[in-house]
Amino acid sequence: MTVQSAYGQLRDEGLVLTQQGRGTFVRDPSVPLGTEPGSSPAYVALAEELTSIHDALRQLGERLDRLEQAVGDGQTPPPR
């Protein structure tokens, strides 16, 4: 493994950031993945996908709460 390929692997894993003309830096762990300049495109796509999944799960949880309330009350669930 060359140094260049090692840097590439670290970047792909989201551990370092590369900024053209400046160099390669260790990523600040307090900053959400994919939001910094030089973030791995794979992590940006992953962060977007996780946000979408999180929103879908939240909506399913809200729907489940409504259904449980309707069943507990003995009523027919309201149409969406």
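Right, let's walk through the structure included here. (Residues numbered from 1 in each chain as written. Predicted model: local features only at pLDDT ≥ 70, side-chain atom pairs only at ≥ 80, totals over all residues. Heavy atoms only, no water.)

The next point concerns the overall build of the protein chain. For the protein chain, the helix and strand inventory stands at two helices and two strands. Each helix and strand of the protein chain, ordered N terminal to C terminal, gives the series α-β-β-α. For the protein chain, restricting intrachain contacts to residue pairs at least 6 apart in sequence, the fraction spanning at least 24 positions comes to 20%. Counting every atom, the protein chain has about 6400 Å² of accessible surface; 58% of that belongs to carbon and sulfur. (Helix = DSSP H or I, 4+ residues; strand = E, 2+ residues; numbered from the N terminus. Contact = heavy atoms within 4.5 Å. Areas by Shrake-Rupley, 256 points an atom, 1.4 Å probe, with all protein chains shown as cover.)

With that settled, the discussion passes to the pattern of salt bridges. Within the structure shown, the criterion is met by one salt bridge. The shortest N-O distance in the salt bridge between arginine 58 and glutamate 62 comes to 3.2 Å. Placement of both arginine 58 and glutamate 62 in helix H2 (residues 41-73) is noted, with a separation of four residues, approximately one turn of the helix. A residue is classified by how much of its surface remains accessible, and arginine 58, at 40% relative accessible area, is partly exposed. (Salt bridge = Lys/Arg side-chain N within 4 Å of Asp/Glu carboxyl O. Buried < 20%, exposed > 50% of the residue type's maximum accessible area, 1.4 Å probe, protein only.)

Right, let's talk about the environment of valine 16 for a bit. Here valine 16 shows up in strand E1 (residues 16-19). Sequence-distant contacts of valine 16, defined by excluding residues within four places in its chain, comprise Tyr7, Leu10, Arg11, Thr24, Phe25, Val26 and Arg27.

As a further point, take the environment of glutamine 19. Tracing the backbone through its elements, the reader meets glutamine 19 in strand E1. Expressed as a C-alpha distance, the spacing of glutamine 19 and glutamate 36, which sit 17 residues apart in the sequence, is 10.0 Å. A distance of 2.7 Å separates polar atoms of two side chains, one belonging to glutamine 19 and the other to arginine 22. (Polar contact = N/O pair within 3.5 Å; in protein donor to acceptor, adjacent residues only side chain to side chain.)

Pairing analysis gives four bridges linking E1 to strand E2 (residues 23-26), with the strands arranged antiparallel. Paired with glutamine 19 across the strands is glycine 23, a residue of E2. Taking the residues between adjacent antiparallel strands as the criterion, E1 and E2 are bridged by three residues, where glycine 21 takes a positive phi near 85 degrees. (Pairing = 2+ DSSP bridges.)

A word on the environment of arginine 11. In this structure, arginine 11 sits in helix H1 (residues 3-12). Using a relative accessible area of 25% as the deciding quantity, one classes arginine 11 as partly exposed. Considered as a pair, arginine 11 and threonine 24 are 13 residues apart in the sequence and their alpha carbons are 8.9 Å apart.

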